[in-house]
Amino acid sequence: MRISVKVDGVRYDDDVEPRLLLVHYLREQAGRTGTPIGCDTSNCGACTVLLNGRSVKSCSVLAVQADGAEVTTIQGLAGDAGELHPMQQAFHEEHALQCGYCTPGMIMAAVDLLGDNPHPTEEEVRDGLEGNLCRCTGYQNIVRAVLRAANGSVAAEVTA
Amino acid sequence: MTTVDAKAGVGQEHEVGRARGRKEDARLITGQTNWTDNITLPGLVHVAFVRSPYAHARIASVDLTAARDAPGVFAAYSGADFAAEQGSLPCAWPVTPDIVIPDHPPMAVDTVRYGGEIVACVVARDRYAAADAAELVDVTYEGLDPVLDMEAALTEGSPKVHEAGNKSFTWELVNGDLDAAFRDAPVVIERTYGQQRLIPSAMEPRAVVCAPVGDEYTMWSATQIPHVLRVMLALVTGIPEHKLRVIAPDVGGGFGSKLQVTGEEVLALLLARKLGRPVKWTESRSEGNVAVHHGRDQIQQLRLAADADGRIRALDVHLLADMGAYLMLVTPGVPLLGAFMFNAIYKMDAYRFNCTGVFTTKTPTDAYRGAGRPEATYAIEHLMDDLAAELGVDPLELRERNWIKHEEFPYATISGLTYDTGNYEAATATAKELFHYDQLRKEQSERVSGDATVRLGIGISTFTEMCGLAPSRVLGSLAYAAGGWEHASIRMLPTGKVEVVTGSSAHGQGHETAWSQIVADQLGVPFEDIRVLHGDTAIAPKGMDTYGSRSLVVGGTAIVNACDKVRQKARVIAAAMLEASPDDLEWDAGRWAVRGDPDQGKTIGEIAFAAFAAHDLPDGVEPSLDSDATYDPDNFSFPHGTHLCAVEVDTETGQVRIRSYVAVDDVGVVVNPLIVEGQVHGGIAQGVAQALYEEAAYDSSGNLVTASLADYLIPSAADLPSFTTSRTTTPSTLNPLGVKGVGEAGTIASTPAVVNAIVDALRPFGVSDVPMPCTPERVWRAIQEGTAQ
């Protein structure tokens with residue numbers, strides 16, 4: 001099937017198999033390998049991207065469903081001059097990543113979370129990121145990073 | 001809390017100790033990563049494996065006809081097709097002379113012994129075509145009885161996993177007079193604890209790409225051990241080692257699961273050779289849950305003898321350790337790493353550790369974060385709480401009566417190690433204060449007397465561990481096949497920049513940052529001017545790789561030693577440049593200067609350029625500052641700490657909520673507090689996951705019922721609290737940096753802290769244990785059964 005999809009600001013017109021997953025399309029046809037795959041049951045969220053501005057797990061979307069849509073991956077988040085998105089900066093500042101495999105999905109999910117709720121509490125951040133698994137960080141610094149991105153800095157200590 | 005110190009390095013005397021933001025982050029937060037699954041090559045073909053759906057069966061036939069005829073398929077093979085060349089996957093740790101190490105073909109030839117074992121493979125033009133064709137492989141099995149229970153497996157008449165039987169080995173360590181210690185002991189505690197089977201679950205599934213060029217091969221693999229893998233691939237396949245290059249590109253976590261030489265890697269190499277094309281295999285998560293080695297899985301029978309005042313006389317440990325179906329790289333050695341840790345921080349007169357490795361028809365087990373030490377720490381810390389309850393003594397007080405006092409270091413333990421330093425009093429005092437221990441105890445007793453339905457429990461874990469694996473002589477005495485050294489090279493570039501080549505192979509630990517900090521101090525060059533190279537046997541030719549909290553302790557020391565050699569070479573050249581004697585120079589902040597005339601000096605960068613130009617070098621001096629060092633430690637290192645956990649247990653529903661968690665760790669000198677804190681957080685989370693959430697569960701036919709992330713419960717952000725972390729510091733005396741290692745501490749400490757807290761809340765109900773994971777159902781049942789007594 002023929003699809004036309006804008007990925008990180010560039011339009012792609014491609015023929016795809018109807019069964020092709022969006023994440024495989026992004027990685028293997030559009031060359032956007034910044035979005036990794038962590039599972040096959042939509043549990044881990046590593047492949048999260050923005051589809052028309054809302055976060056989706058791109059393993060749970062068919063490429064054909066993205067026809068006519070705009071996809072933003074982790075590689076399209078920074079500014080044109082390479083300046084980091086505040087969420088990327090916050091993840092660095094708060095050491096919210098170790099191996100970094102969950103990071104693209106975590107950052108995209110967090111961006112969407114703040115879109116819905118610009119000033120979340122710690123609990124709201126934790127609940128909002130429930131669909132994104134991380135095995136390295138224990139989430140503490142991820143939560144701090146999202147709060148920092150929300151507030152410009154970490155207003156309150158997360159810990160007791 | 002630690003955050004990036006934006007001023008780190010600016011006007012600072014030392015880089016070590018600064019909360020440097022990580023260099024690695026630049027690519028990881030922007031998606032410019034190089035995971036193995038990202039790699040594409042001209043002519044690349046994709047492999048799909050056909051795996052046994054049965055725990056135990058004979059392979060009657062494998063029909064590949066339909067698969068071979070499928071569109072896009074290059075080849076399809078069964079184990080029989082590779083029988084002559086695939087060899088046997090290696091076990092590098094034959095722990096006893098009479099250990100049974102069964103043949104372990106990468107692709108099963110006649111019998112499958114766990115669900116998920118590879119029986120055939122298909123190679124096709126893309127991953128979809130390979131998966132489609134794999135569905136067409138027709139395997140006929142003749143079912144055999146599964147072997148699922150370790151105790152039953154050892155009984156006469158049990159079905160056999162291997163012809164030689166279900167016992168792999170029994171290994172024993174005894175010190176002191178056990179009988180005397182137990183005879184007439186005023187208190188004897190006997191317990192059986194279970195360590196459930198766990199799935200390591202690194203977020204990056206495994207992947208491997210292998211490219212042939214002539215008779216040489218380059219393999220990219222999501223591995224923790226590119227160097228060990230290269231040696232083992234050569235030994236298994238007979239392909240000469242110098243014709244193999246192994247690259248671990250960006251690797252997305254390991255936790256021991258990528259400390260392995262896998263069938264998939266061996267087969268990728270053999271397929272690349274057979275087809276003359278680059279081949280690629282990427283694991284799906286559900287495939288990985290059955291095929292990546294699992295962790296833990298022990299039955300621990302414990303006896304502890306004590307005096308009436310709680311002083312420990314002796315500890316007797318009998319373990320059954322589930323090997324799974326085969327012995328993989330270090331499978332039998334994992335429980336033995338616990339042999340030295342059951343005695344933990346405590347003094348005692350006698351000790352026995354006896355471990356039997358048992359085969360079952362389950363996925364093989366092997367190293368998982370902590371590897372043997374979490375199991376040991378769980379057992380002893382649980383026992384200490386049980387003993388305290390038996391005696392009616394505060395569990396912290398009981399520990400203090402038994403632990404090694406800070407003035408008693410160095411201390412030779414009953415299991416034969418010598419702990420160099422530690423201060424359990426200091427860590428515990430800090431933890432008690434941060435935790436508000438006395439207040440919480442008061443609240444706890446108020447809830448008991450008020451008969452509250454939600455009870456408070458306080459769990460304690462005063463742990464230590466052995467890190468910095470490992471002195472090669474010790475490994476040799478334990479029959480491990482390789483050494484425990486690490487290698488480093490420093491390359492001084494003509495412009496004064498520095499390349500650090502390390503044999504460690506980071507997969508999330510932040511070596512590029514931490515190693516830069518060490519070298520910045522050692523050579524007096526800016527942090528930014530240093531680049532760390534690792535994970536490629538062509539670039540970093542020697543190494544023992546990353547596992548066992550070893551990289552900083554062993555690899556960091558190798559870097560320090562290599563830097564020292566650079567400085568000494570530079571001294572000779574600087575002396576010539578300054579027309580002074582080398583003996584008259586002193587090193588200060590990155591330059592050699594004439595003693596007493598500090599204006600007369602040359603920076604390491606100036607000296608590096610002089611060495612590059614090589615116009616005026618003294619006779620006999622080589623034109624290079626580059627240096628190598630290989631460091632073999634004399635001893636392990638021994639981080640320790642006190643973790644305290646408060647849980648609220650709803651006695652009506654069994655629901656457990658962690659109310660607060662305090663971790664005070666002593667990991668020696670800290671190179672980067674940001675990284676250390678992150679390691680502690682993540683470690684605690686994995687230990688909590690064992691205590692509360694995770695279990696690799698099998699049904700009665702031997703099917704893994706937690707084969708996907710939908711069934712295997714890795715905790716999310718919503719399932720975990722924030723942790724309060726702090727540190728005390730007693731520098732290690734065993735290495736020049738004073739470091740001890742931190743990669744596994746949190747995981748080792750937190751599991752007993754959480755379970756002890758739950759049991760502590762439930763002791764008034766007559767509960768002395770809740771089997772892990774402590775799900776609401778298990779907690780509720782424990783209460784019902786406790787009350788019924």
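Here the structure is a predicted model, which means the values were calculated and not measured.

**So, the overall build of chain A**
Regarding its fold elements, chain A presents five helices and five strands. Secondary structure elements in chain A, listed N-terminal to C-terminal, are β-β-α-β-β-β-α-α-α-α. Relative to the 2.2 N^0.38 estimate, which gives 15 Å for 160 residues, the radius of gyration of chain A is 16 Å and therefore close to what a compact globule would have. Its C-alpha atoms give chain A principal-axis dimensions of roughly 55 × 35 × 25 Å. Out of the 160 residues in chain A, the part that is buried amounts to 57%. Long-range contacts, defined here as pairs at least 24 residues apart, represent 57% of the contacts in chain A between residues at least 6 apart.

**Let's talk about the overall build of chain B**
On a plain count of helices and strands, chain B comes out with 21 helices and 28 strands. Rg of the C-alpha trace for chain B: 28 Å, near the compact-globule value of 28 Å for 789 residues, within the 12% margin. Counting only C-alpha atoms, chain B reaches 90 × 70 × 50 Å along its principal axes. Considering chain B as a whole, with its 789 residues, one finds that 59% of them fall into the buried category. Long-range contacts, defined as pairs at least 24 residues apart, comprise 79% of the intrachain contacts of chain B with a sequence gap of at least 6.

**Some points on the pairing of strand S27 (residues 656-666) of chain B**
All names here are of chain B. Across the eleven residues of S27, nine count as buried, placing the element largely inside the fold. Here ten bridges tie strand S26 (residues 640-650) to S27, and the two strands are oriented antiparallel to one another. Along S27, the bridge assignment pairs Gly641 with Asp665. Here S26 folds back onto S27, and the loop between the two strands holds five residues, one of which, Gly654, carries a positive phi near 80°. Where S27 and strand S28 (residues 724-727) come together, four bridges link them in parallel fashion. Note on S28: the bridge partner recorded for Asp665 is Arg727.

**A short note on helix H3 (residues 103-116) of chain A**
If you check H3 of chain A, its first and last C-alpha atoms are 20 Å apart, about what 14 residues at 1.5 Å a residue would give, namely 20 Å. Along H3 of chain A, ten of the 14 residues are buried, which leaves the element largely enclosed by surrounding structure. Listed in full, the buried residues belonging to H3 of chain A are Thr103, Pro104, Gly105, Met106, Ile107, Met108, Ala109, Ala110, Val111 and Leu113 of chain A. Structurally, H3 of chain A contributes buried residues whose contacts are with strand S3 (48-51), strand S4 (54-57), helix H2 (86-93), helix H4 (122-128) and helix H5 (140-151) of chain A together with helix H1 (25-28) of chain B.

**Structural notes on the environment of Thr377 of chain B**
Residue and element names in this part refer to chain B. With respect to the secondary-structure elements, Thr377 resides in helix H11 (residues 373-391). Taking the C-alpha atoms as reference points, Thr377 and Ile345, separated by 32 residues in sequence, lie 9.8 Å from one another. Residues within four places of Thr377 in sequence aside, it is in contact with Met341, Ala344, Ser461, Phe463, Ile748, Ala749 and Pro752.

**Topic: the sheet that holds strand S3 (residues 73-78) of chain B**
Residues and elements named next belong to chain B. Pairing is mixed in the open sheet, where seven strands are placed in the order S3-S5-S1-S12-S9-S10-S11. The open sheet has two edge strands, S3 and strand S11 (244-247), and neither has a second partner. Strand-to-strand twist of the sheet, defined as the mean angle between neighbouring strand axes without regard to direction, takes the value 20°. Here strand S1 (residues 45-51) pairs with strand S12 (residues 279-282) via two bridges, running parallel. If you follow Val45 over to S12, its bridge partner there is Val279. Along the sheet face, helix H7 (residues 226-237) touches strand S10 (216-221) and S11 and points at about 150° away from the line of S11. Set on the sheet, helix H8 (residues 263-275) makes contact with S1, S3, strand S5 (118-124), strand S9 (207-213), S10 and S12; between it and S9 the angle comes to about 30°.

**With respect to the packing of helix H19 (residues 673-692) of chain B against helix H20 (residues 745-762) of chain B**
Residue and element names in this part refer to chain B. The interhelical angle for the contact between H19 and H20, taken along N-to-C directions, is 40°, at an axis separation of 7 Å. The pairing of H19 with H20 is recorded here as oblique in orientation. As for how H19 packs across H20, the hand of that crossing is right-handed. For the pair formed by H19 and H20, the contact residues are Gln679, Val680, His681, Gly682, Gly683, Ile684, Gln686, Gly687, Val688, Gln690, Ala691 and Leu692 on the first element and Ala745, Gly746, Thr747, Ala749, Ser750, Thr751, Val754 and Val755 on the second.

**A word on the confidence of the model for chain A**
The pLDDT averaged across chain A works out to 94; a share of 95% of its residues lies at or above 70. Across residues 155-160 of chain A the pLDDT falls below 50, and counting only partners more than four positions away or on other chains, this stretch makes 14 contacts in the model.

**Details of the domain arrangement of chain B**
All names here are of chain B. Taken domain by domain, chain B consists of domain 1 (36-144 + 205-251 + 258-291), domain 2 (370-469 + 635-788) and domain 3 (485-631). Distance between the C-alpha centres of domain 2 and domain 3: 41 Å. If you look at the interface, domain 2 gives 17 residues, while domain 3 gives 15 residues. For the side of domain 2 that touches domain 3, a count of residues per class yields nine nonpolar, six polar and two charged.

**Things to note about the sheet that holds strand S25 (residues 627-631) of chain B**
Residues and elements named next belong to chain B. Strand order across the open sheet formed by four strands is S21-S20-S19-S25, with mixed pairing between neighbours. Two strands close off the open sheet at either side, each with one partner strand: strand S21 (530-533) and S25. Neighbour-to-neighbour, the strand axes of this sheet turn through a mean angle of 20°, independent of strand direction. Across four bridges, strand S20 (residues 498-502) lies against S21 in parallel orientation. In the sheet register, Val501 faces S21, and the bridge partner there is Leu533. Contacts from helix H16 (residues 511-523) reach S20 and S21 within the one sheet, and its direction differs from that of S21 by about 130°.

**Quick look at the packing of H7 of chain B against H8 of chain B**
Residues and elements named next belong to chain B. Following both chains from N to C, one finds H7 and H8 inclined at 65°, their axes separated by 11 Å at the closest point. Crossing of H7 against H8: the hand is right-handed. Counted together, Leu229, Leu233, Val236 and Thr237 of H7 and Glu265, Val266, Leu269 and Leu270 of H8 form the full contact between these two elements. Its residues placed into classes, the contact of H7 with H8 shows six nonpolar, one polar and one charged.

**Some details on the domain arrangement of chain A**
Residues and elements named next belong to chain A. Per the domain assignment, the segments making up chain A are domain 1 (2-76) and domain 2 (86-151). Each of domain 1 and domain 2 was reduced to a C-alpha centroid, and the two centroids are 21 Å apart. Breaking the side of domain 1 that touches domain 2 down by element, the ones donating at least two residues are S3 and S4. Counting residues per element, the side of domain 1 that touches domain 2 draws most heavily on S3, which supplies three residues. Of the residues assigned to the side of domain 1 that touches domain 2, the class counts are seven nonpolar, seven polar and one charged.

**Considerations on the pairing of strand S24 (residues 597-603) of chain B**
Residue and element names in this part refer to chain B. With four bridges joining them, strand S23 (residues 591-594) and S24 adopt antiparallel strand pairing. Across the sheet, residue Trp592 finds its bridge partner in S24, namely Lys602. What sits between S23 and S24 in their antiparallel hairpin is a turn of two residues, with Gly596 showing a positive phi close to 85°.

Conventions used here
Sequence order sets the numbering: in each chain, residues are counted from 1 along the sequence as written. Here chains are named by letter from A upward and ligands by number from 1 upward, in the order in which they appear as written. Where totals are concerned, whole chains, interfaces and linings use all residues; where local detail is concerned, this predicted model gives features only for residues with pLDDT of at least 70, and gives and counts side-chain atom pairs only at 80 or more. Elements are defined by DSSP. Helices are runs of H or I of four residues or more, strands are runs of E of two residues or more, and each kind is numbered from the N terminus. For the radius of gyration, the atom set is restricted to C-alpha positions; the globular benchmark scales as 2.2 Å times the number of residues to the power 0.38. Exposed residues have 12 or fewer other C-beta atoms within 10 Å of their own C-beta, buried residues have 20 or more, and residues in between are partly exposed; the C-beta atoms are placed from the backbone. Residues are defined as contacting one another if the C-beta atoms placed from their backbone atoms lie within 7 Å. Note on pairing: DSSP must find at least two bridges between two strands before they are called paired. A helix is expected to reach a length of 1.5 Å times the quantity of its residues less one. For helices, the axis comes from a line fit to the C-alpha atoms of the stretch in contact; other axes are also lines fit to C-alpha atoms, and the angle between any two N-to-C directions lies between 0 and 180 degrees. In these notes the angle categories are as follows: under 35 degrees is roughly parallel, over 145 is roughly antiparallel, 65 to 115 is roughly perpendicular, and the rest is oblique. Helix crossings get a hand from a simple test, with the near helix turned counterclockwise from the far one by less than a right angle marking a left-handed crossing and a clockwise turn marking a right-handed one. pLDDT measures the predictor's confidence residue by residue and takes values from 0 up to 100. Boundaries between domains were set according to an automatic or database domain assignment. Under this grouping Gly is polar, as are all residues other than the nonpolar Ala, Val, Leu, Ile, Met, Phe, Trp, Tyr, Cys and Pro and the charged Asp, Glu, Lys and Arg.

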